[in-house]
Amino acid sequence: MKKISYLMMTLAAALTLPGAALQAEVINLATPGTSLVIDAVKGEPLRILYYGDRLEEKDLPALQASPLLHHEAYPAYGIYPQGEAALSVTHADGNRTTLLEVTDVATTQQDGAEITSVTMRDRVYPLEVKVNYRVRPGYDVIETWTDITNGEKQPVTLNRFMSGYLPIRYGNVWLSSLYGTWANESELTEEPLQHGVRMIKNKDGVRNSHTAHGEVMFSLDGKPQENTGRIIGAALCYPGNYKLFVDTDDTDFHHFFAGINEENSEYHLAKGETFSTPELALTYSGEGLSGASRNFHKWGRDTRLHAGNKERKVLLNSWEGVYFDINEPVMEGMMADIASLGGELFVMDDGWFGTKYPRTVDNAALGDWTVDTRKLPNGIDGLLKTAEKHGVSFGIWIEPEMTNTTSVLYEKHPEYVIHAQKRDTVKGRGGTQLVLDMANPKVQDIVFTIVDTLMTKYPAIDYIKWDANAPIMEHGSQYLTADKQSHLYIDYHKGLMKTLDRIREAHPDVTIQACASGGGRANWGMLPWFDEFWTSDNNDALQRIYMQWGTSYFFPAIAMASHISASPNHQTFRRIPTKFRADVAMSGRLGLEMQPKDMTDEDRAVCARAIADYKKIRPIVQFGDLYRLHSPFEKDGVASLMYVTPEKDDAVFFWWKTETFMNQQLPRIPMAGLDPDKMYRVTELNPIDNTPLDIEGKVFSGKFLMSNGLDLPLTYKVDYHKNTDFASRVLRLTAE
Ligand code: DGJ
């Protein structure tokens, strides 16, 4: 019974509900630090009573007084249709009303997790709606999703099918969300919730995190703080079109809904068929935004991210170094360079394939995954041998969901692409790129075979960069029947996920990066099959501080690929010294994105030092707890965060100056997450000064570091001509 008190408690108590005395089944879905309390009275709709700090049994009876008791946990459309609904169904006879009542509550075990499923049925129609909650021992995240089963004799139409709903008490509630675009992903917006609807949506069809993100945080105590205050976090675990919205109406609540974007996606559910929504992961923390992020990170690393507990290698990716100009000597040079810098993996990006149509620029050959032997006479075998010679692993770029009109695949199978009948074909990148129709099982086989063939022929391939550089450009599936055209967006992702399942079953060990024109696929719906994502095509270290800050709200450093690129930067043309570029990249999954042979000896030395130091702190960055300390979005001229081991015996502190003026007074940054009673010795990583920092080697108590912080010089002590307007510090704090 001990387990039950940790996981989930069920209290059947006679609670007086407004208007009637009913037998209530109050269920406390409890995690170590949180509780989601629902009320499943048979014959009534499921209700949600509470979400917040963990409650104990004695707290539950009083919840009847809470106005939250009036909120249905999964409101259905039709009767009193004025409010927003999570579910909207047109029944086979055209009736648009649904009235759900609880018929059953069941608890099942699955891989150590406990799933509570509340089944509701319509009072008249044989439509079944099962609302599920998964609680995993040790994690302050609850996953909720819904299974909708059509028991009617004819198909029903699902007009809306959200993953979940949460009422949040009206007040000084702030919403934190991410917005952006290509090369500027994951910028942060913080806003108080006003009356009306605030919607965050995606309709790209293929990728879903360039322009907005399917994750949000709610601060219940006004303007969000990093390490204090009550926060509710929500992450929709879905790689396709989504809709998250908050309706702040004339009631006392902000009504939050999240799920698949139903626009142009009404789903016809056949007799006996079940539609399962994607999961919505909810978290609560009383330790501010960083606390909610830590909850997501721990849960994500351990239960969702592919191989989330395996250290990631330091790599060199060829893209910004050579773009499409791939050839054997250049690839070998890059392998030798990354090996000599201490890296562990070389990844050959776009440009290596295409026989009839060579991939010399971006307008040909997607779909024709044969080596271009004009560029690489010894093929992939040759490259693998060269990589082995230099003692590094080898990775390769593919874009399997796409083709070009200039490809053998398209010439043979124009019916495999997404295309609306009677319309001119709309083409994307390079004026020729098209999206393959993942709803089509034949296309699913093709995509599986691309990876399977590579991995079977060349099992030594260690890493795949899986790119996706086009949205759905016309709403039309050549595979789906006329009455199922509205299924395209959903069936595309069903097909993709099915294919990824097959790939992972056959090839569980290869590391796969989710790239999509940069950061288009940073979402928890993708990561079960992927080890990491490409954060952005913008590698400018200054802008990366902002983008990585936003990304870290929901995703751990281990998944966030972060590369040292050339100066001037290829996107912003900013000139940033190597030390600063390295200090930013080291706060994520470190890599390089440049032609190393263009570096000066001094820059090479800085890079080599950074890689060596990163290897020392890699477990802290990749598996540690994140404490964001000072946000770049505060525009105070500085940004800072730190990672701390769960044992609090080792930590890394990052400090980046984000602007430079004379007579600048930057705030001192109190640290967080340390043990106040432990003593920590300070060692600077990547130092470039002629003389060490005053604090080098000194020992400070956790209490001092957290209440005071350390004063850091605003420039380096280097030869006069070597100073620049950039400054950053990385400090390791090791408990004595
Ligand atoms: C877009 C990616 O984001 C880049 O990193 C690179 O892989 C190119 N595609 C290659 O075409």
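The structure we're discussing is the one just above.
Residues numbered from 1 in each chain as written. Predicted model: local features only at pLDDT ≥ 70, side-chain atom pairs only at ≥ 80, totals over all residues. Heavy atoms only, no water.

Asker: Could you clarify how one ought to interpret the overall build of the protein in this entry?
Answerer: Tallying secondary structure elements over the protein gives 12 helices and 36 strands in all. Radius of gyration (C-alpha) of the protein: 27 Å, near the 27 Å computed for a compact globule of 736 residues. Overall size of the protein, expressed as C-alpha extent along the three principal axes, is 80 × 70 × 45 Å. For the protein, the residues scored as buried account for 62% of the 736 residues in total. Pairs at least 24 apart in sequence give 68% of the contacts found in the protein among residues at least 6 apart. As presented, the protein carries roughly 27000 Å² of accessible surface, and 51% of it is formed by carbon and sulfur atoms. Of note, the protein has its 75 positive side-chain charges centred 2 Å away from the centre of its 97 negative side-chain charges. (Helix = DSSP H or I, 4+ residues; strand = E, 2+ residues; numbered from the N terminus. Rg over C-alpha atoms; globule rule 2.2 N^0.38 Å. Buried < 20%, exposed > 50% of the residue type's maximum accessible area, 1.4 Å probe, protein only. Contact = heavy atoms within 4.5 Å. Areas by Shrake-Rupley, 256 points an atom, 1.4 Å probe, with all protein chains shown as cover. Lys, Arg positive; Asp, Glu negative; His and termini not counted. Charge placed at Lys NZ, Arg CZ, Asp CG, Glu CD.)

Asker: So what exactly am I meant to see when it comes to helix α9 (residues 541-551) here?
Answerer: Side chains that are three or four residues apart share a direction in an α-helix, a result of its 3.6 residues per turn. Buried residues dominate α9, accounting for 11 of its 11 residues. Between the side-chain oxygen at the start of α9 and the backbone nitrogen of Leu 542 there is a gap of 2.9 Å, and the oxygen is on Asp 540. (Polar contact = N/O pair within 3.5 Å; in protein donor to acceptor, adjacent residues only side chain to side chain.)

Asker: I would appreciate a short explanation of the site of the ligand in the present structure.
Answerer: Looking at the ligand, there are 13 residues lining it, with Asp 349, Asp 350, Lys 465, Asp 467 and Asp 537 nearest. Between the ligand and the protein, one listed contact pairs an oxygen atom with a side-chain N or O atom of Arg 429 at 2.9 Å. Between Asn 469 and the ligand, the recorded distance is 3.5 Å, taken from a side-chain N or O atom to a nitrogen atom. Taken by itself the ligand offers 300 Å² of open surface, and the protein chains cover 97% of this. For the shell around the ligand, the class distribution of residues is four nonpolar, three polar and six charged. (Near = heavy atom within 4 Å. Nonpolar A, V, L, I, M, F, W, Y, C, P; charged D, E, K, R; others polar.)

Asker: I would appreciate a short explanation of the pattern of salt bridges in the present structure.
Answerer: Once their charged atoms are close, side chains differing in charge can pair, the charge on each being opposite to the other. The tally for this structure, following the rule as stated, stands at 47 salt bridges. Linking Arg 429 and Asp 362 is a salt bridge whose minimum nitrogen-to-oxygen distance equals 3.5 Å. Pair noted here: Arg 429 is in the loop between α6 (408-412) and β25 (433-435) and Asp 362 is in the loop between β22 (345-348) and α5 (379-390), with a separation of 67 residues, a long-range link. A relative accessible area of 23% means that Arg 429 is categorised as partly exposed. One salt bridge connects Asp 689 with Arg 729, and the closest N-O pair in it is separated by 2.9 Å. (Salt bridge = Lys/Arg side-chain N within 4 Å of Asp/Glu carboxyl O.)

Asker: How should the pairing of strand β26 (residues 461-466) be read in this particular structure?
Answerer: Counting buried positions along β26 gives six out of six residues, so the element sits mostly inside the fold. Here strand β23 (residues 393-398) runs beside β26; their pairing, made up of five bridges, is parallel. Looking at β26, one finds that Trp 397 is bridged to Lys 465. Traced from β26 through helix α8 (residues 488-506) to strand β27 (residues 511-514), the parallel crossover comes out right-handed. (Pairing = 2+ DSSP bridges. Right-handed = clockwise from strand over helix to strand, strands pointing away.)

Asker: Looking at this structure, I do not really get the sheet that holds strand β30 (residues 589-593). What am I missing?
Answerer: The pairing of strands in a sheet comes from backbone hydrogen bonds and takes either a parallel or an antiparallel form. Around the barrel, eight strands lie side by side as β21-β22-β23-β26-β27-β28-β29-β30; this closed barrel has parallel pairing. In this sheet, adjacent strand axes meet at a mean angle of 30 degrees when their direction is disregarded. As judged from the four bridges shared by β26 and β27, these two strands associate in the parallel manner. Counterpart to Lys 465 in the pairing with β27 is Gln 513. Its contacts with the sheet place helix α7 (residues 441-457) against β23 and β26, and it is angled at close to 155 degrees to β26. (Axes fitted to C-alpha atoms, helices over the stretch in contact; angles between N-to-C directions.)

Asker: Explanation requested: unusual backbone geometry in the structure shown.
Answerer: With the exception of glycine, most residues fall at negative phi, and the peptide bonds are largely trans. With an omega of 0 degrees, the peptide bond between Ser 567 and Pro 568 qualifies as cis. Here Pro 568 lies in the loop between β29 (560-565) and α10 (578-585). Even without a glycine there, the phi angle at Tyr 323 is positive, about 50 degrees. Topologically, Tyr 323 is positioned in the loop between α3 (319-322) and α4 (328-340).

Asker: I'm lost on the side chain of His 306 in this one. Help?
Answerer: Within the secondary structure layout, His 306 lies in the loop between α2 (288-303) and β21 (315-317). Other than its neighbours up to four places away in sequence, His 306 contacts Arg 312, Arg 504, Pro 508, Val 510, Leu 527, Pro 528, Trp 529, Phe 530 and Asp 531.

Asker: Quick question: what am I supposed to make of the nonpolar core here?
Answerer: Soluble globular proteins tend to pack their nonpolar side chains together in the buried interior. Residues Trp 352, Phe 394 and Trp 466 are the most contacted members of the largest nonpolar core, which totals 126 residues. Apart from the residues within four sequence positions on either side, Phe 394 is in contact with Met 335, Leu 345, Phe 346, Met 348, Ile 380, Leu 383, Leu 384, Ala 387, Ala 460, Ile 461, Asp 462 and Tyr 463. One finds Tyr 51, Ala 76, Ile 142 and Phe 275 within the second-largest nonpolar core, a separate group that totals 59 residues. (Core = buried A, V, L, I, M, F, W, Y, C linked by side-chain atoms within 4.5 Å.)

Asker: I would appreciate a short explanation of the sheet that holds strand β34 (residues 679-685) in the present structure.
Answerer: Ordered in space as β31-β32-β33-β36-β34-β35, the six strands form an open sheet in which the pairing is antiparallel. At either end of the open sheet lies a strand with only one pairing partner, and these are β31 (625-630) and β35 (699-701). Averaged over neighbouring strand pairs, the angle between their axes works out to 25 degrees when direction is ignored. Pairing of strand β32 (residues 638-644) with strand β33 (residues 650-657) involves seven bridges; the strand directions are antiparallel. Paired with Leu 641 across the bridge in β33 is Phe 654.

Asker: Please explain the packing of aromatic side chains as it appears in this structure.
Answerer: Describing an aromatic ring pair means giving the distance of the ring centres and the angle of the ring planes. For the structure on display, the rule yields 27 aromatic pairs. Here the aromatic rings of Tyr 51 and Tyr 284 are separated by 6.4 Å at their centres, their planes lie at 70 degrees, and the arrangement is edge-to-face. Of this pair, Tyr 51 sits in strand β4 (residues 47-53) while Tyr 284 sits in strand β20 (residues 279-285), and the two are 233 residues apart along the sequence. Both residues of the pair, Tyr 51 and Tyr 284, count as buried. Note on Tyr 643 and Phe 654: the rings are 6.1 Å apart at their centroids and 90 degrees apart in plane angle, and the pair reads as edge-to-face. Residue Tyr 643 is found in strand β32, and its partner Phe 654 is found in strand β33; the two are separated by 11 residues along the sequence. One exposure class covers both Tyr 643 and Phe 654, and it is buried. Members of the aromatic cluster, each reached through a chain of ring pairs, are Phe 296, Trp 299, Trp 524, Phe 533, Tyr 553, Phe 554 and Phe 555. Positioned over the ring face of Tyr 139 is Lys 298, at 4.9 Å from the centre of the ring. One Lys or Arg, Arg 502, reaches over the ring of Phe 448 and ends 4.2 Å from the middle of that ring. (Phe/Tyr/Trp six-rings, centres within 6.5 Å; stacked < 30°, edge-to-face > 60°. Lys NZ or Arg CZ within 6 Å of the ring centre and 35° of its normal.)

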